[in-house]
Amino acid sequence: MKKIIITFSVLVLVACGNKAAIKNNQNNINEDQDTLKKTKTEVIDDTRPSPLKKATGYIGNVKTIIQWGSPSVKGRDIWGILVPYDEVWRSGANEATTIEFDKDVMINGKELKAGKYGFFSIPREKEWVIIFNSIWDQWGAFEYDEKKDALRFNLTPQV
């Protein structure tokens, strides 16, 4: 269970282009690098200022697909400025980031059914809220509805 959470968190943060790591047992994070090496990332649409990308990989035997708009930082300060703290963020650019599992998974001790989800977060200075929302086909977070959340959990980023 712990390994799935760490692997998932590292996979998500890598996919979102965040140079963060999860505060946890360093040995487990190092073991999970093998999983990341098996992750295939491709550009779906590079005509946008923030290219649409997709990462496909496995967490154990669970195929995981993440699709996101890769934000173009362009030297800007992001956290707390361009992406405000304490507000729901689509965890990417343009349409909402999506994540898909081909099997049921356990995340943070809670079951998440196999399927496709909108992936959102609430960035905070010391702790982030990670959100899997049952409405995956939406633009940004403008129509995000907390009542449609399938799962939420907190994690602590480390820069």
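Further up the page is the structure itself.
Our subject in this report is the structure included herewith. (Residues numbered from 1 in each chain as written. Predicted model: local features only at pLDDT ≥ 70, side-chain atom pairs only at ≥ 80, totals over all residues. Heavy atoms only, no water.)

A look at the pairing of strand 2 (residues 40-45)
Direction of pairing for strand 2 relative to strand 3 (residues 52-59): antiparallel, over a ladder of five bridges. Each residue of the ladder has a partner; that of T41, found in strand 3, is A55. The hairpin turn running from strand 2 into strand 3, its antiparallel successor, is six residues long. (Pairing = 2+ DSSP bridges. Helix = DSSP H or I, 4+ residues; strand = E, 2+ residues; numbered from the N terminus.)

What to know about the pattern of salt bridges
Inspection of every chain in the model, using the stated rule, returns six salt bridges. Taking the shortest distance from any N to any O, the salt bridge between K113 and E111 comes out at 3.6 Å. Under the relative-accessibility criterion, K113 is labelled partly exposed at 48%. Three or more residues joined by partner-sharing salt bridges are found here, namely D104, E111 and K113. (Salt bridge = Lys/Arg side-chain N within 4 Å of Asp/Glu carboxyl O. Buried < 20%, exposed > 50% of the residue type's maximum accessible area, 1.4 Å probe, protein only.)

What to know about the environment of W136
Checked against the element boundaries, W136 lands in the loop between strand 9 (128-133) and strand 10 (149-155). Spatially, the C-alpha atoms of W136 and F120 are 9.8 Å apart, while their sequence positions differ by 16 residues.

A look at the environment of F153
Of note, F153 is situated in strand 10. F153 sits 22 residues away from I131 along the chain, and the two C-alpha atoms are 6.9 Å apart.

Description of the nonpolar core
Residues I99, F101, I107, L112 and F132 are the most contacted members of the largest nonpolar core, which totals 20 residues. Elements that contribute at least two residues to this core include exactly strand 4 (62-69), strand 5 (93-101), strand 6 (105-107), strand 8 (115-122), strand 9 and strand 10. Membership of the second largest hydrophobic core comes to six residues, among which are F120, I122, I131 and Y144. (Core = buried A, V, L, I, M, F, W, Y, C linked by side-chain atoms within 4.5 Å.)

Description of the environment of W68
Relative to the helices and strands, W68 resides in strand 4. Given the relative accessible area of 4%, W68 is considered buried. Counting along the chain gives 18 residues from W68 to S50, while the straight-line C-alpha distance between them is 9.3 Å.

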